[in-house]
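# Secondary and tertiary structure notes
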Amino acid sequence: MTLSRNLINGPVKVVNVGLDSFANNLTSLGVANIHVEWRPPANGDPHLVRLLALIEQNIDVINTANQKAINRLLEAQPKLVDVKLAGDVIPGFERNMILHSGPPITWSKMCGPMRGAVIGALIYEGLADNAEQAEKLAASGEIKFAPCHEYSAVGPMSGIISASMPVFVVENEAAGNRAYSNFNEGLGKVLRFGANSPEIIERLRWIRDVLAPALRDAILACGGIDLKTLTAKALQMGDECHNRNLAATSLLIRTLMPALVKTYPPNKLEEVVSFLAKNDHFYLNISMAACKATLDAAHGIQGSTLVTAMARNGVEFGIRVSGLGNEWFTSPAPYVKGLYFPGYDDEDANPDLGDSAITETCGLGGFAMAAAPAIVQFVGGTPQDALNYTLEMYNITLTSNPAYTIPNLGFRSTPTGIDVLKVVETGINPIINTGIAHREAGVGQVGAGLVRAPMECFIAALRRLAEIILTVG
C-alpha cells in the first residue's frame, strides 16, 4: 500500500518503448525518460512473421547447420600463395570468357562502367582494336559473361577478369579451397570503373608483364603470406580493409620488400616499388580474395542461413546463402550516399557496383568501421557514426571473429556471419562502405560513401527457405 502511494505521489518516471519521437518530445519538455529501442519482428509484416514462425519450428536443424558453417568461417586460414594468369589458374575459365562482378547479367543490360571495362578487356586481350569493334564483339554472343563469384573469384567495381589478366591466388589452408582476385590499379581512371583509354590498357599490360612477375617471385620466396594475421594487424592500425587499406598495404609492402630486393633486378625495382607505394588501396583486392576463400568454405551447408556473398553488378544487388546452393536472390541496386570528388554530384553516380561487399560479408569493411574512424573523411559521417554502424551489425550476425578485434571497442571481436533470419526479423540492413563509379564508361571513380544491402534480397531468401521446409515437410 505504501509503495502504491509513493508511486502515485512521486515524480513522473517515463520509460518509452519503440518510437523515439515520443521520447524526443518528452526530452524537449524537460521530462526525464528512458528510451528503449524496440520494433516489431519483420517490421510488423504479418506474412513475414508467419514465415519466421514456420522456420522457427526447424530451428534446431538450422542452428546445427549454422554452427558448422561458422566453424568453417572462423577456422579459415587464407594465405597468399601465388600470382598467375586467370586463364591458366581459375578452374573452368574459358578463353572467350569474361568474368564480372555481382549476380549474372547480359551485355545488353550492363551499366556504363561495366560496359566500359568489358570494352577495355577485349582491347587488352587483342580481340578488338578499338571500342567500336569491342562493342560489336561483346554483343555478338561470342563472349561468355559470368559472375566472378561462380568461379571462386572476386573483383572490385566492374570486377572484370579476362584470360590473360594476372590474378592473386589465395588458398584457405584449413579447408584447401582457393580464391582469386585481379590486381588493384589505383584510384581515378582505371579499368574497374570503366575507363579504357590507351594509357589504361598500357598500364594493364605493365601490370601483367612487370608487376605480376615481380610479386609472384617475391611471394614464392616468402613461402606465401599469412593474410589473416596481416588483416588483424591492419585493423589494429586503423583500417577496415574495404575502403581503407593504408595500413594493410604498408604491411604487405614491408613483408614483400626483402624478397623483392633479392629476386628482382635492381634497375627495375624502383618502378615496382613506386607503384605499390602510391596506391593505398593495393591490399583491397587481396583482402577480397581472402574473404572469398573464407566464405566459400562455409558455403553449401544444407539448412544454414549464413550469407556467403553480397555483390552488385551496377544494376542488381544479389546475395547467396550457404544452405541455398548457388541461387542468387536479387533486388535493384541502390545508390550510394557519400562524398563526391570536386566537380561531381548525385547526378553522375551509377548504382552500387562491385564484389567488394565480400569484405562486409566476412565481418570487415562497414562491419568493422569502429576500427577505422578516419574512414569517415572518405565516405562521410562522424567517428561516432562509424562506431554505431559496427555496434548495430552485432544484431544481425551469428557470431564475432576473435581473430579480428577493435581497439575502440575494448578489443571486442568484429561482428561476423550475416544471418538471413536476423536481418529480416530485426529489419536491420547490412551496412557497406564503398566507392562510387560514374554512370558513364571511361570517367572512373567520382566519390565514396555508404549504402545498405536491400531488404528484398533477404526476404526472397527467407521465402525460399520456407518453401524448402514445406516441401520437406
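Relevant structure appears above.
Throughout what follows, the structure given in this document is the object of discussion. (Residues numbered from 1 in each chain as written. Predicted model: local features only at pLDDT ≥ 70, side-chain atom pairs only at ≥ 80, totals over all residues. Heavy atoms only, no water.)

## Remarks on the pairing of strand β17 (residues 431-437)
Most of β17 is tucked away: seven of the seven residues are buried. Inspection of the sheet shows β17 paired to strand β18 (residues 445-452) by seven bridges, in the antiparallel sense. The residue bridging isoleucine 431 from the neighbouring strand is arginine 452, located in β18. (Buried < 20%, exposed > 50% of the residue type's maximum accessible area, 1.4 Å probe, protein only. Helix = DSSP H or I, 4+ residues; strand = E, 2+ residues; numbered from the N terminus. Pairing = 2+ DSSP bridges.)

## Section: helix α7 (residues 131-139)
Count 3.6 residues to each turn of an α-helix, and residues three or four apart come out pointing the same way. Among the residues of α7, Ala134, Leu137 and Ala138 are the ones counted as buried. All buried residues of α7 lie within an arc of 100° about the axis, which places them on one face of the element. The exposed set on the far side of α7, more than 90 degrees from its buried face, consists of Glu132, Lys136 and Ala139. The inward-facing, buried residues of α7 contact α6 (112-124) and β5 (144-147). Taken from the residues just after α7, glycine 141 is the one with a positive phi, measuring 90°. (Arc of directions from axis to C-beta. Contact = heavy atoms within 4.5 Å.)

## A word on the sheet that holds strand β7 (residues 166-172)
Within the open sheet, the five strands sit side by side as β6-β8-β7-β3-β9. Their pairing is mixed. With partners counted over all chains shown, the strands left at the sheet margins are β6 (153-154) and β9 (225-226), one partner each. Sheet analysis places strand β3 (residues 78-85) next to β7, joined by seven bridges and oriented antiparallel. Counterpart to lysine 84 in the pairing with β7 is valine 167. Strand contacts of helix α8 (residues 198-222): β3, β7 and β9, with the helix running at about 140° to β3, the strand carrying the most contacts. Lying over the sheet, helix α12 (residues 283-296) contacts β3, β6, β7 and β8 (178-181), oriented at roughly 155° with respect to β8. (Axes fitted to C-alpha atoms, helices over the stretch in contact; angles between N-to-C directions.)

## Topic: the packing of aromatic side chains
In total, this model carries six aromatic pairs according to the counting rule given. With a centroid separation of 6.4 Å and an interplanar angle of 15°, the aromatic rings of tryptophan 107 and phenylalanine 145 are classed as stacked. Taken as a pair, tryptophan 107 in the loop between β4 (97-100) and α6 and phenylalanine 145 in strand β5 lie far apart in primary sequence, 38 residues in all. Just as tryptophan 107 is buried, phenylalanine 145 falls in that class too. Ring centres of tryptophan 206 and phenylalanine 275 lie 5.2 Å apart, and the angle between their planes is 50°; this geometry places the pair in the tilted category. (Phe/Tyr/Trp six-rings, centres within 6.5 Å; stacked < 30°, edge-to-face > 60°.)

## As for the side chain of histidine 149
If you trace the backbone, histidine 149 turns up in the loop between β5 and β6. Among the polar contacts listed, one links the side chain of histidine 149 to the side chain of lysine 292, at a separation of 2.8 Å. The contact partners of histidine 149, leaving out residues within four places of it in the chain, are Val154, Lys292, Ala309, Ala311, Arg320, Trp328, Asp355 and Ile358. (Polar contact = N/O pair within 3.5 Å; in protein donor to acceptor, adjacent residues only side chain to side chain.)

## Digging into the state of the cysteines
Counted under the stated rule, the structure contains zero disulfides. Summary of cysteine pairing: cysteine 111 is not part of a disulfide, and the nearest cysteine sulfur, belonging to cysteine 148, is at 13 Å. There is no disulfide at cysteine 222, and the cysteine sulfur nearest it, in cysteine 241, is 19 Å away. Its relative accessible area of 29% is what places cysteine 222 among the partly exposed residues. (Disulfide = S-S within 2.5 Å.)

## Concerning the packing of α6 against α7
Helix-helix packing: each pair is described by the crossing angle between the helix axes and the interaxial distance. Two numbers describe how α6 lies on α7: the axes approach to 9 Å, and their chain directions differ by 105°. Viewed along their axes, α6 and α7 adopt a mutual orientation that is roughly perpendicular. Contacts from Arg115, Val118, Ile119, Leu122 and Ile123 of α6 reach α7 at Ala131, Ala134, Glu135, Leu137 and Ala138. Its residues placed into classes, the contact of α6 with α7 shows eight nonpolar, no polar and two charged. (Parallel < 35°, antiparallel > 145°, perpendicular 65-115°, else oblique. Nonpolar A, V, L, I, M, F, W, Y, C, P; charged D, E, K, R; others polar.)

## So, the nonpolar core
Ranked by size, the top nonpolar core spans 64 residues in total, and within it Phe183, Leu211, Leu215 and Phe282 carry the most contacts. Those residues in contact with phenylalanine 282, other than ones at most four positions away along the chain, are Phe168, Phe183, Asn184, Leu211, Leu215, Thr249, Leu252, Phe275 and Leu276. The next biggest cluster of nonpolar side chains, apart from the first, holds 50 residues, and it includes Phe317, Ala349, Ile431 and Cys457. (Core = buried A, V, L, I, M, F, W, Y, C linked by side-chain atoms within 4.5 Å.)

## Concerning the packing of helix α9 (residues 227-236) against α12
The interhelical angle for the contact between α9 and α12, taken along N-to-C directions, is 125°, at an axis separation of 11 Å. The pairing of α9 with α12 is recorded here as oblique in orientation. Once α9 is placed against α12, the crossing between them reads as left-handed. Residue-level inspection shows Leu227, Leu230 and Thr231 of α9 in contact with α12, the latter providing Tyr283, Ile286 and Ala290. Split by residue class, the contact of α9 with α12 holds five nonpolar, one polar and no charged. (Left-handed = near helix turned anticlockwise from the far one by under 90°.)

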